[in-house]
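Coordinates in review
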Amino acid sequence: MVNKERAKQIMEQSGVDAVVGTSLQNIQYLTGFTSFLKQITPGIPLFGLYFGFKSPKVALVAPYSEADVIIASKIDVDAIKLYGTFPLEFSHRKLKEEEKKLYELCSHQTSPDAPTALVELLHDFGLDSSSIALDESGLPYGMFERVREMLPNAKVVPGSKLLTQIRMIKTSDEIEKLRNVVSLTEKAMKSAAGLIRKGQTTSAIARELERVVIENSAKPIFTVVASGSYRAFPNALPSNKRLSEWDIVRFDVGCSLRGYSSDLGRTVAVDKVKKKILDYYKAIVRGLEVAMDYVIPGVRASEVYNIAVKTVRENGISKYRRHHTGHGIGMEVYEPPSISPNDDTILEEGMVINLETPYYELGFAGLIVEDCMVVRKKHPELLSKLPRALDGL
């Protein structure tokens, strides 16, 4: 999963020999392992180790209690180091194949705690006197300094920013995973939109959307289906209030499939549409479509933001304002760069960007259009395909 060329480039520029991930996503990115415990107890320490430029090696440090998840995940790593204990008993009966693998893994000597396990692993690979970028984002308080103290001959530096830089450029495999999760999200949105009619509720529409997501082995992250009294609530919860013929329904939906995330937005009319809604919606769609032309290598994220806001204002919402008009996306819904006025990140080919131009006005409506795209040389490659018209779904 790691973008090896990108990792080599960034690590060499930073003078780093090894990088250690500690957050759920960074561990998954480096090792392919999705921790069960990290999802329910984020503070529990795990380490994903990545090093070596010519022939990269990968290793994992995890609690003994996750040994079963490691075996079931069938990850391909060069070493696994467990720490701690767990009361798992072994009978004298003949074990099945997967049980044998678990028994073998658990038979190895464990370390007393996570920092000790990491230091022992680094020593085993001859890295205990190297320059190590240790991701601070997933560590409990004080553990970064403890690891640094346990490696007196190594140079241990914060690694979260370095990993963020590596992850900004997606591999072809990552883009395919994003394409799949976007496609599924659109399928769910279309199915849910099929229920939109006078007398329906946004609760029923949201349930249908999440049903399609779950039945296709994905997980809902957030489901905003807004209308009626909650029409201008940016993060509206579904309601049991019946839709009227003059209502619009705003979808802002994200789900996760095989470790990668989606975030799509569309606005759908129930039946009749007031002129102001139509005019304002045309303005935000125009803002997004013009800004898309600037999602190419060499353009700064802030420039894309400025184009989007300027275009919406010129097309009918004169006081339009936003804190951002998009963001990177990947394993997490919000990843760098931020398409915002103060982010001067230069776009590069292979970044995956979400562009959005929502508008929320209490007493009027909430409108959104949001698309996902890959930065390409001449023009972006759209991963999202749904029509943007108010009756497009």
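A brief look at the structure comes next. These numbers come from a predicted model, not from an experiment.

**What about a nonpolar patch on the surface?**
A cluster of nonpolar side chains, namely Phe-86, Leu-88, Phe-90 and Tyr-103, defines an oily patch on the protein surface of about 360 Å² accessible area. Residue class for Phe-86 comes out partly exposed when judged on its relative accessible area of 44%.

**Notes on helix α12 (residues 301-314)**
The first and last C-alpha atoms of α12 sit 20 Å apart over 14 residues, in line with the 20 Å expected at 1.5 Å per residue. Listing the buried residues of α12 in full gives Ala-301, Ser-302, Val-304, Tyr-305, Ala-308, Val-309, Thr-311 and Val-312.

**Thoughts on the side chain of Glu-370**
As for its position among the elements, Glu-370 is in strand β16 (residues 370-374). Salt bridges are absent for the buried Glu-370, whose nearest opposite-charge side chain, Arg-322, sits at 7.6 Å. A polar side-chain atom of Glu-370 sits 3.5 Å from a polar atom in the side chain of His-327. If near-sequence neighbours (up to four positions away) are discounted, Glu-370 is found in contact with Asp-252, Asp-263, Leu-264, Gly-265, Arg-266, Leu-288, His-327, Asn-354, Leu-355 and Glu-356.

**Comments concerning the packing of helix α11 (residues 275-292) against α12**
Relative to each other, α11 and α12 sit at 150°, their axes nearing to 8 Å. Classed by the angle they form, the pair α11 and α12 counts as roughly antiparallel. Considering the relative orientation of α11 and α12, their crossing is right-handed. Counting all contacts with α11, which are made through Ala-283, Ile-284, Arg-286, Gly-287, Val-290 and Ala-291, the residues of α12 involved are Val-304, Ile-307, Ala-308, Thr-311 and Val-312. In the contact of α11 with α12, the residues fall into eight nonpolar, two polar and one charged.

**As for the packing of helix α9 (residues 172-193) against helix α10 (residues 202-215)**
Here α9 crosses α10 at 145°, and the two axes come no closer than 8 Å. Crossing hand, α9 versus α10: right-handed. Within the contact between the two elements, α9 uses Leu-184, Lys-187, Ala-188, Met-189, Ser-191 and Ala-192 and α10 uses Ile-205, Glu-208, Leu-209, Arg-211, Val-212 and Val-213. Looking at the contact of α9 with α10 residue by residue, the classes come out as eight nonpolar, one polar and three charged.

**Let's talk about the packing of aromatic side chains**
A complete count under the given rule lists six aromatic pairs for this structure. Centroid distance Tyr-320 to Tyr-359: 6.3 Å. Interplanar angle 35°. Geometry classified as tilted. Of this pair, Tyr-320 sits in the loop between α12 and β11 (326-328) while Tyr-359 is found in strand β14 (residues 359-361), placing the two residues 39 residues apart along the sequence. Neither Tyr-320 nor Tyr-359 differs from the other in exposure class; each is buried. Of the aromatic side chains, those joined through ring pairs into one cluster are Tyr-280, Tyr-320, Tyr-359 and Phe-364. Here the guanidinium or amino end of Lys-276 rests over the ring plane of Phe-364, the centre of that ring lying 4.3 Å away.

Rules used in this analysis
- Residues numbered from 1 in each chain as written.
- Predicted model: local features only at pLDDT ≥ 70, side-chain atom pairs only at ≥ 80, totals over all residues.
- Heavy atoms only, no water.
- Patch = residues over 30% accessible without salt bridge, like charges linked within 9 Å, V, L, I, M, F, W, Y side chains within 5 Å.
- Areas by Shrake-Rupley, 256 points an atom, 1.4 Å probe, with all protein chains shown as cover.
- Salt bridge = Lys/Arg side-chain N within 4 Å of Asp/Glu carboxyl O.
- Buried < 20%, exposed > 50% of the residue type's maximum accessible area, 1.4 Å probe, protein only.
- Helix = DSSP H or I, 4+ residues; strand = E, 2+ residues; numbered from the N terminus.
- Expected span 1.5 Å × (residues − 1).
- Lys, Arg positive; Asp, Glu negative; His and termini not counted.
- Polar contact = N/O pair within 3.5 Å; in protein donor to acceptor, adjacent residues only side chain to side chain.
- Contact = heavy atoms within 4.5 Å.
- Axes fitted to C-alpha atoms, helices over the stretch in contact; angles between N-to-C directions.
- Parallel < 35°, antiparallel > 145°, perpendicular 65-115°, else oblique.
- Left-handed = near helix turned anticlockwise from the far one by under 90°.
- Nonpolar A, V, L, I, M, F, W, Y, C, P; charged D, E, K, R; others polar.
- Phe/Tyr/Trp six-rings, centres within 6.5 Å; stacked < 30°, edge-to-face > 60°.
- Lys NZ or Arg CZ within 6 Å of the ring centre and 35° of its normal.

Bear in mind that shape data such as this cannot, by itself, settle questions of function.
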